[in-house]
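# Close look at the chain arrangement
Listed below are the residues making up each chain.
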Amino acid sequence: MNRQEMIDLAKQIRSDEERPQVTPPHPPQATTTTLHVPTSVGDVRLLRHSPIDAVEPLPGFISFHGGGFITGTPEMDEPWNLFLAETANCHVLNIEYPLAPEHPFPVPVHVAYEVVQWIFQHADTLRLDSSRIAIGGHSAGGNLATAVSLWNADQTDPVPLIAQILDYPPLDLATDPADKPFFEEAIPAEQARQFNAMYIARAEDAYHHLASPLYAAQLDALPQTLVLTAEHDSLAQEARQYANRLQAAGVVVEHQEFAGQAHAFTHHGDLDVAFQAWHRIADYLKSVYRS
């Protein structure tokens, strides 16, 4: 499949994507403001979710949505990010990063980091406490979050990210999806191959640590980390391995696996279990903000 055929297929997938999403049982007491951030590929939308009547500088959580690198928008996470803003008393900064195959690796990582830098540069305007900003994401967004953390750790003047939250992330794009653990509820291997091929334009890039963080040589400079996995997810094994590697490198790691759950359970699964996971994220944020 050539690049134009991939673009046409991605557009079709986006237009066909209508999966029911679970939402918080009660409307969160928080608000949304849309901002536009200049980047190397043009302006990028940034949704800022804030507690109602927030006045003082608050901590922040930079969030990346899922969608296999080729689909998704910040709106898919908006109800739950409003929940996090209210529950953790923070600003949630929800980034609309450029999608593949129109923007293959490493463009989304580069742009994501540009937006992260912009957030720190404009912390006062955004009413952020720049000493208490965490980063995270779901599925492909979890990959981008830890890729940004890895790239940030390599900079001579890194921004002070204090934690990362990785929710069922794909962290090994080099291994054939058919060779990963199989579950009936898991993402079909052929679909996973398509998504990976759309994101990774050159086969050798699949082994790059910013595409497949599991292959990163150095992890010791990364911030404390929460990893969430779903037992019946073909990606759970690589996320567990990453959590173990972080811990071995001296990073403080918390890992929770949700029994019997499939990939994307926080968005498309059972409401009670999703609510448990989102509370886990909120509690983790409150903990790192206090420390």
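All values reported here derive from a predicted model rather than from experimental measurement.

### Quick look at the pairing of strand β6 (residues 161–167)
Among the seven residues in β6, six count as buried, and that is most of the element. Across five bridges, the pairing between strand β5 (residues 128–138) and β6 is parallel. Along β6, the bridge assignment pairs glycine 136 with isoleucine 165. Where the polypeptide runs from β5 across helix α4 (residues 140–153) and back to β6, its parallel neighbour, the crossover connection is right-handed.

### What about unusual backbone geometry?
For the peptide bond that leads from alanine 100 to proline 101, omega is 5 degrees, which places it in the cis range. Mapped onto the secondary structure, proline 101 falls in the loop between β4 (91–95) and α3 (107–121). Omega for the bond connecting phenylalanine 105 with proline 106 falls within 30 degrees of zero, at 10 degrees, which places this linkage in the cis form. Along the chain, proline 106 turns up in the loop between β4 and α3. Not every positive phi belongs to a glycine, and phenylalanine 69 is a case in point at roughly 75 degrees. Along the chain, the position of phenylalanine 69 falls in the loop between β3 (58–64) and α2 (78–88). Its identity is not glycine, yet asparagine 89 carries a phi of approximately 50 degrees, on the positive side. Topologically, asparagine 89 is positioned in the loop between α2 and β4.

### Overview of the side chain of threonine 266
By the element assignment, threonine 266 lies in helix α7 (residues 265–268). Classification of threonine 266 as buried rests on a relative accessible area of 0%. Among the polar contacts listed, one links the side chain of threonine 266 to the side chain of tyrosine 168, at a separation of 2.6 Å. Among the polar contacts made by the side chain of threonine 266, one reaches the side chain of histidine 267 at a distance of 2.9 Å. Setting aside residues up to four positions removed in sequence, threonine 266 forms contacts with Val22, Trp80, His138, Asp167, Tyr168, Ala274, Ala277 and Trp278.

### As for the pairing of β3
Counting buried positions along β3 yields seven of seven residues, so the element is predominantly enclosed. Note that β3 and β5 share six bridges and pair parallel. Within β5, the residue paired with phenylalanine 64 across the bridge is glycine 137. Two elements, β3 and β4, share five bridges in a ladder whose sense is parallel. Across the sheet, residue phenylalanine 64 finds its bridge partner in β4, namely isoleucine 95. Handedness of the crossover is the feature at issue here: the chain leaves β3, passes through α2, returns alongside β4, and the resulting connection is right-handed.

Criteria and cut-off values
Residues numbered from 1 in each chain as written. Predicted model: local features only at pLDDT ≥ 70, side-chain atom pairs only at ≥ 80, totals over all residues. Heavy atoms only, no water. Buried < 20%, exposed > 50% of the residue type's maximum accessible area, 1.4 Å probe, protein only. Helix = DSSP H or I, 4+ residues; strand = E, 2+ residues; numbered from the N terminus. Pairing = 2+ DSSP bridges. Right-handed = clockwise from strand over helix to strand, strands pointing away. Polar contact = N/O pair within 3.5 Å; in protein donor to acceptor, adjacent residues only side chain to side chain. Contact = heavy atoms within 4.5 Å.

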